[in-house]
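# Observations on chain architecture
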Amino acid sequence: MKKGFTYIITTMILILLITGILVINKPTKLPKISSPQFLIKNYQIEFSKLCAKSDIDENTIDTFNTVFSNYISSYNYDVKMCNIIEKETSIYLSNYTGEPCDLVVDGVVLQTINDKTTEKIDRFINNMNIYLCNCEYKTGRNVYYINIYNNNIGTIYKN
């Protein structure tokens, strides 16, 4: 009888010790920082770095937009974006909205820019009204439109 009682007490102490160790070492959940606002802020920072480069071209912009689109998708969001980047002699127009968009300059449709494509046009002093998808050109500024969404949340930001 004495051995049975000692066995039960020893087993209970071991169970309590193991349970205590597991509870103490339980990993804590990290705060979720993948909100659309966080992703948009990240896009703003990276977009400004891209625009500051002097040697960008269509491939550089396409690579940037593709990588960022994949980055947002890794957080279980979908994204639609376009951007207009102004350089000294040209303007780069990029469409990542999921559908073709018309390039409208001074009220005239010049061409259609396909999805996941960046086009380069010459910069004219008189062309002040340039529109691509949801992007509206503003002289002296690099502009973008970004819509990050999923089934629950949607956030649109444009500068």
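The shown structure was predicted, so the numbers you read here are calculated from the model rather than taken from an experiment.

What follows is about the overall build of the protein chain. Of regular secondary structure, the protein chain possesses three helices and nine strands. Each helix and strand of the protein chain, placed in order from N terminus to C terminus, yields the pattern α-α-α-β-β-β-β-β-β-β-β-β. Here the protein chain, with 159 residues, has 33% of them falling under the buried criterion. For the protein chain, restricting intrachain contacts to residue pairs at least 6 apart in sequence, the fraction spanning at least 24 positions comes to 59%. In the form shown here, the protein chain has an accessible surface area of approximately 10600 Å², with 57% of it arising from carbon and sulfur atoms.

This paragraph deals with the packing of aromatic side chains. Under the defined criterion, the tally for this structure stands at eight aromatic pairs. Centre to centre, the rings of Tyr 43 and Phe 47 are 5.7 Å apart; their planes meet at 20°, and the pair counts as stacked. Placement of both Tyr 43 and Phe 47 in helix H2 (residues 36–52) is noted, with a separation of four residues, approximately one turn of the helix. When its relative accessible area of 0% is taken as the criterion, Tyr 43 is described as buried.

Where H2 meets helix H3 (residues 58–73), the closest approach of the two axes is 12 Å, and the angle between their N-to-C directions is 165°. The pairing of H2 with H3 is recorded here as roughly antiparallel in orientation. Between H2 and H3 the crossing geometry is right-handed. Contact residues: H2 offers Phe 38, Leu 39, Asn 42, Tyr 43, Glu 46, Phe 47 and Leu 50, while H3 offers Thr 60, Ile 61, Phe 64, Asn 65, Phe 68, Tyr 71 and Ile 72. When the residues that make up the contact of H2 with H3 are grouped by side-chain class, the tally is ten nonpolar, three polar and one charged.

Attention now goes to the side chain of Thr 118. Counting through the fold element by element, Thr 118 comes out in strand E5 (residues 117–122). The class of Thr 118 is buried, set by a relative accessible area of 6%. There is a polar contact of 2.6 Å between the side chain of Thr 118 and the side chain of Asp 62. A distance of 3.0 Å separates the side chain of Thr 118 from the side chain of Ser 94, its partner in a polar contact.

On to the sheet that holds strand E6 (residues 130–132), then. With antiparallel pairing, the four strands of this open sheet are ordered in space as E4-E3-E6-E7. Edge positions in the sheet fall to strand E4 (108–113) and strand E7 (135–136), since each of these pairs with one other strand and no more. With five bridges connecting them, strand E3 (residues 101–105) and E4 associate as antiparallel partners. If you follow Cys 101 over to E4, its bridge partner there is Ile 113.

We now examine H3. Spanning 16 residues, H3 covers 22 Å between terminal C-alpha atoms, matching the ideal 22 Å at 1.5 Å per step. Backbone nitrogen of Asn 59 and a side-chain oxygen of the N-cap are separated by 3.3 Å at the start of H3; the cap is Asp 57.

A word on unusual backbone geometry. Of note in the backbone geometry, Lys 116 takes a positive phi value of approximately 60° without being a glycine. With respect to the helices and strands, Lys 116 occurs in the loop between E4 and E5. In the Ramachandran plot, Cys 133 falls in the positive-phi region, its phi being about 55° despite a non-glycine side chain. Note that Cys 133 resides in the loop between E6 and E7. A relative accessible area of 27% places Cys 133 in the partly exposed class.

Looking now at H2. The end-to-end C-alpha separation of H2 is 24 Å, in line with the 24 Å expected for 17 residues at 1.5 Å each. Among all positions of H2, only Pro 36, Leu 39, Ile 40, Tyr 43, Gln 44, Phe 47, Leu 50 and Cys 51 are buried. The arc that holds the buried residues of H2, viewed along the axis, is 145°, so those residues lie on one side.

The rules behind each value
Along each chain, residue indices are assigned from 1 in the same order as the chain's sequence is written. The predicted nature of this model means local features are confined to residues of pLDDT at least 70 and side-chain atom pairs, given and counted, to a pLDDT of 80 or more, with totals for whole chains, interfaces and linings taken over all residues. With hydrogens and water stripped out, all remaining heavy atoms of the structure feed into the side-chain values. We count a stretch as a helix when DSSP gives it H or I for four or more residues in a row; a strand needs E for two or more, and each element gets its number in order from the N terminus. Each residue's exposure class comes from its accessible area (1.4 Å probe, protein chains only) as a fraction of the maximum for that residue type: buried when under 20%, exposed when over 50%, partly exposed otherwise. By the convention used here, residues are in contact when the closest approach between their heavy atoms is within 4.5 Å. Note on areas: Shrake-Rupley, 1.4 Å probe, and residue coverage restricted to the protein chains presented here. Paired rings are identified among Phe, Tyr and Trp, the last through its six-membered ring, by centres lying within 6.5 Å, and are further divided according to the angle between planes into stacked (under 30 degrees), edge-to-face (over 60) and tilted (the rest). Whenever a helix is involved, its axis is fitted only over the stretch in contact; in every case the axis is a line through C-alpha atoms, and angles between N-to-C directions fall within 0 to 180 degrees. Comment on the angle field: the value is read as roughly parallel under 35 degrees, roughly antiparallel over 145, roughly perpendicular from 65 to 115, and oblique elsewhere. With the far helix as reference, a near helix turned anticlockwise by less than a right angle produces a left-handed crossing, and one turned clockwise produces a right-handed crossing. Amino acid classes used here: Ala, Val, Leu, Ile, Met, Phe, Trp, Tyr, Cys and Pro are nonpolar; Asp, Glu, Lys and Arg are charged; the rest, including Gly, are polar. Here a polar contact is recorded for every N or O atom pair within 3.5 Å, except that within protein the pair must consist of a potential hydrogen donor and a potential acceptor, and residues adjacent in sequence are included only if both atoms are side-chain atoms. Paired strands are those between which DSSP finds at least two bridges. The span one expects for a helix is its residue count, reduced by one, times 1.5 Å. It is the directions from the helix axis to the C-beta atoms whose arc is reported.

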